[in-house]
Amino acid sequence: MRQTVFASLLLLLAACHDSGGSSDPELGRATIGPAGGEVAITSGDYAGLRLQVPAGALLEPTELRIFDD
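Residues numbered from 1 in each chain as written. Predicted model: local features only at pLDDT ≥ 70, side-chain atom pairs only at ≥ 80, totals over all residues. Heavy atoms only, no water.

Draft legend 1. Spotlight on the overall build of the chain. The helix and strand tally for the chain stands at one helix and four strands. Among the 69 residues that make up the chain, the fraction classed as buried is 26%. Sequence separation of 24 or more characterises 65% of the internal contacts of the chain that already satisfy a separation of 6 or more. With an accessible surface of roughly 4,600 Å², the chain has 53% of that area assigned to carbon and sulfur atoms. (Helix = DSSP H or I, 4+ residues; strand = E, 2+ residues; numbered from the N terminus. Buried < 20%, exposed > 50% of the residue type's maximum accessible area, 1.4 Å probe, protein only. Contact = heavy atoms within 4.5 Å. Areas by Shrake-Rupley, 256 points an atom, 1.4 Å probe, with all protein chains shown as cover.)

Draft legend 2. Structural view of the pairing of strand β3 (residues 50-53). Burial of β3 is one-sided: the residues Leu-51 and Val-53 facing one way are buried, the residues Arg-50 and Gln-52 facing the other way are not. Bridging between strand β2 (residues 37-40) and β3 involves four bridges; their strand directions are antiparallel. Counted as the bridge partner of Ala-40 is Arg-50 from β3. (Pairing = 2+ DSSP bridges.)

Draft legend 3. Inspection of the environment of Ala-47 at higher detail. Examined against the element boundaries, Ala-47 turns out to sit in the loop between β2 and β3. Its relative accessible area of 44% is what places Ala-47 among the partly exposed residues. Considered as a pair, Ala-47 and Leu-27 are 20 residues apart in the sequence and their alpha carbons are 9.1 Å apart. Other than its neighbours up to four places away in sequence, Ala-47 contacts Ile-41 and Thr-42.

Quick look at the structure:
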């Protein structure tokens, strides 16, 4: 299960790669715990993009952030 989440995160980060640069490369952040949750981008070029983390994928609250580099 964790491998799936991390693989999804890597694919998401690769999909967000843009060499154009930005003043704030952080697109979204959320603290997600054992119950699961999501990181959602609500504005800009990637608005609507979501990373869903299923229940049980994380053992403790963990901050996840999505960046555009």
